[in-house]
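Fold and contact review
Residues per chain are reported as follows:
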Amino acid sequence: MAVSSYPFDDQSTTESQYSALFRELQDSGVVDSASGTAFSVSADAGGMYVDVQPGLAIVRGHVVQSTAVERLPIPAAESLARTDRVVLRLDPSQNKISLEVVKGEPGAGLPPLTQTDSGIFETPLGKVPVPVGTTNIGTAAPQDDRRFVGGRVRVWRTETRPSTPRVGALGLNLSTGRWEWFNGTAWVDLAPVIVWNTIEGKPATFAPAPHRHHWNDLDGVPSSFTPSAHSHTWDSVTGKPSSFPPAGHTHGKGDISGLQADLDYLVNHKSWADHGHGDYAVWGHRHAGHEIDGHVNRAWGTDRVHTNGPGPGPWYAAWVDGNRNFCQNTSARRFKENIRDYWIEPERVLALRPRVYDRKNTDHKDELGLIAEEVDQTLPEIVQRNEDGVIMSLRYDLLGVALLPVVQDQQSRIERLERLVHDLMERGA
């Protein structure tokens, strides 16, 4: 008979008929949510095996249930890596569904699933990587490969979609987080994201109509507006004072007209005393054509001895900075910190070369001293430079300090030699 129907009363229904009926009601897969553990495959550091968790599944209308963790051995590793499969295998000839390991080909991809209409049918559970030479499956965790049952609207991942879907099959793809359906050729996004390029019939341009925006409606407005470079005329400035009393300020040497000429004059002349200014010369600092008087000692020395004299107190050594400001030279402990011993290699000091020289643009001849550039090669501590780093002069007052370690070293040598001579004389006696 070409037409048959089932199941009815007083009628035998075969296994194949029941399977054909039930698989139209429910697809093959694990009875669990996609995040559940039913029939999940795992491995630990124990060796060449995997564990399959308990669960319930349907395979082409037949049900299989496991109530305990099942351990499956994995074949030994080979000279090439491979990937094995853990499956639920329906074998109608044996009337059973069993857990099996399908061994992959070394150096190849996943082994294919056997899925026949009336014979063996395999449902995948997990993929098991087997690296070269491994003796422990726990070093490469199995990958989930389960399919799940449910309503006709199903849940899957991209790699576990139904292999033979019918047109209109609908499901939620967990890999993409999107609903998709099968159009007979490919899976299509049920609610695709609309982007500008996929909109049909859009105009080429959008001529804006006159409109306004409220400040609060604008995104990303700055908290302040830094003005760009611009200028204002004096007349456009409001609220300006009628006069400008100067506040305390300083002027650089280059800002004072005529100063450099006066400094050059001081350098190129023997002393103010030679021009009739007496013992206390006026430092002729011109500013806008006027002299600013300030008493300083002679440019080339002093005719007073360094001792207490008349007045409110004793005489002090003084320093002068690059702006011609004077300050007292102090040596007391209370003005100092971080005090530590100073040691110098005697050779650095002994390398200094006394020189006799003539001053340029003066009548000073046969002066005795040191050349700062030569001192800088061995004893730069006493060399002074100007604000531009150019060598100017020497701290002759520090030369004696540098000589102290040399003298102390020589004294130590003398004492050792005296003791040695004394010891030699004692032995000879």
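The structure displayed is predicted, hence computed values, not measured ones.

A separate point is the packing of aromatic side chains. Summed over all chains, the structure comprises five aromatic pairs. Ring centres of Trp-196 and Phe-206 lie 5.9 Å apart, and the angle between their planes is 55°; this geometry places the pair in the tilted category. With Trp-196 in the loop between strand 14 (187-189) and helix 2 (259-268) and Phe-206 in the loop between strand 14 and helix 2, this pair connects stretches of sequence that are ten residues apart. On the basis of relative accessibility, which here comes to 47%, the residue Trp-196 falls in the partly exposed class. For Phe-206, a relative accessible area of 56% gives the class exposed. An aromatic cluster of at least three residues, connected via ring pairs, comprises Trp-156, Phe-182 and Trp-187. One Lys or Arg, Lys-202, reaches over the ring of Trp-196 and ends 5.4 Å from the middle of that ring.

Before going further, it helps to examine the sheet that holds strand 5 (residues 62-66). With antiparallel pairing, the three strands of this open sheet are ordered in space as 1-4-5. Both edges of this open sheet fall to strand 1 (29-30) and strand 5, since each of them pairs with a single strand only. Two strands pair when backbone bridges link them, and strand 1 and strand 4 (residues 55-59) are joined in this way by two bridges, in the antiparallel orientation. Across the sheet, Gly-29 pairs through a bridge with Ile-58, a residue of strand 4.

This paragraph deals with the confidence of the model for the protein. Residues at a pLDDT of 70 or more form 86% of the protein, whose mean pLDDT is 81. Considering only residues more than four positions removed or in separate chains, one finds that residues 269-306, a stretch of pLDDT under 50, has 55 contacts.

Helix length check: helix 5 (residues 396-428) (33 residues) gives 48 Å between terminal C-alpha atoms against 48 Å at 1.5 Å per residue, within 8%. At Leu-404, helix 5 is bent by approximately 25°, the largest bend along its length, and proline Pro-405 sits one to four residues beyond. What helix 5 keeps buried is the set Leu-399, Ala-402, Pro-405 and Val-406. Buried residues in helix 5 make contact with helix 3 (346-350).

With 23 residues, the main nonpolar core has Phe-39, Val-50, Val-52, Val-86, Leu-88 and Leu-125 as its most contacted residues. Secondary-structure elements contributing two or more residues to this core are strand 3 (49-52), strand 4, strand 7 (82-91), strand 8 (96-102) and strand 9 (121-130). Here Val-52 is in contact with Phe-39, Ser-40, Val-41, Ala-68, Val-69, Glu-70, Leu-72, Val-86, Leu-99 and Leu-125, once residues within four sequence places are set aside. One finds Val-375, Ile-382, Val-383 and Leu-399 within the second-largest nonpolar core, a separate group that totals 14 residues.

Moving on, we get to helix 1 (residues 15-25). Every buried residue of helix 1 is accounted for by Gln-17, Ser-19 and Arg-23. Considered in projection along helix 1, the buried side chains sweep an arc of 165° and stay on one side of the axis.

On to the side chain of Ser-19. With respect to the helices and strands, the residue Ser-19 is situated in helix 1. The buried category is assigned to Ser-19, whose relative accessible area is 7%. Reaching out from Ser-19, the side chain makes a polar contact with the backbone oxygen of Arg-60 at a distance of 2.5 Å. Beyond its immediate stretch of four places on either side in the chain, Ser-19 contacts Arg-60 and His-62.

Next up on the list: a nonpolar patch on the surface. Side chains of Ile-194, Trp-196, Ile-199 and Phe-206 sit close together on the surface and give an oily, nonpolar patch of about 450 Å² of accessible area. Inspection of the secondary structure puts Ile-194 in the loop between strand 14 and helix 2.

Here we take up the pairing of strand 12 (residues 170-173). A one-sided burial pattern is seen for strand 12, the buried positions being Gly-171 and Asn-173 and the unburied ones Leu-170 and Leu-172. In this structure, strand 12 lies alongside strand 13 (residues 178-182), joined through four bridges in antiparallel fashion. Along strand 13, the bridge assignment pairs Leu-172 with Trp-179. Where strand 12 hands over to strand 13, the hairpin turn is made up of four residues, of which Gly-177 adopts a positive phi near 70°.

The subject of this paragraph is the pattern of salt bridges. The tally for this structure, following the rule as stated, stands at 19 salt bridges. Note that Arg-178 is salt-bridged to Asp-189, the shortest N-O span being 3.2 Å. Of this pair, Arg-178 sits in strand 13 while Asp-189 sits in strand 14; the two residues are eleven residues apart in sequence, bridging distant segments of the chain. Since its relative accessible area comes to 28%, Asp-189 is described here as partly exposed. A salt bridge links Glu-381 to Arg-348; its shortest N-O distance comes to 2.6 Å.

In this section: the sheet that holds strand 10 (residues 143-144). Taken in spatial order, the four strands make up an open sheet running 8-7-9-10, and their pairing is antiparallel. Only two strands of the sheet have a single partner each, and these edge strands are strand 8 and strand 10. Where strand 7 lies against strand 9, nine bridges are found, and the strand directions are antiparallel. Paired with Thr-83 across the two strands is Pro-129, which belongs to strand 9.

This next bit is on the environment of Gly-109. Summarising the element assignment, Gly-109 is placed in the loop between strand 8 and strand 9. Classification of Gly-109 by relative accessible area gives partly exposed; the value is 46%. In the structure, Gly-109 is positioned 25 residues away from Asp-84 in sequence and 9.1 Å away in space, judged by C-alpha atoms.

Basis of the calculations
Residues numbered from 1 in each chain as written. Predicted model: local features only at pLDDT ≥ 70, side-chain atom pairs only at ≥ 80, totals over all residues. Heavy atoms only, no water. Phe/Tyr/Trp six-rings, centres within 6.5 Å; stacked < 30°, edge-to-face > 60°. Helix = DSSP H or I, 4+ residues; strand = E, 2+ residues; numbered from the N terminus. Buried < 20%, exposed > 50% of the residue type's maximum accessible area, 1.4 Å probe, protein only. Lys NZ or Arg CZ within 6 Å of the ring centre and 35° of its normal. Pairing = 2+ DSSP bridges. pLDDT = per-residue confidence, 0-100. Contact = heavy atoms within 4.5 Å. Expected span 1.5 Å × (residues − 1). Bend = angle between axes of the 7 residues up to and from the residue. Core = buried A, V, L, I, M, F, W, Y, C linked by side-chain atoms within 4.5 Å. Arc of directions from axis to C-beta. Polar contact = N/O pair within 3.5 Å; in protein donor to acceptor, adjacent residues only side chain to side chain. Patch = residues over 30% accessible without salt bridge, like charges linked within 9 Å, V, L, I, M, F, W, Y side chains within 5 Å. Areas by Shrake-Rupley, 256 points an atom, 1.4 Å probe, with all protein chains shown as cover. Salt bridge = Lys/Arg side-chain N within 4 Å of Asp/Glu carboxyl O.

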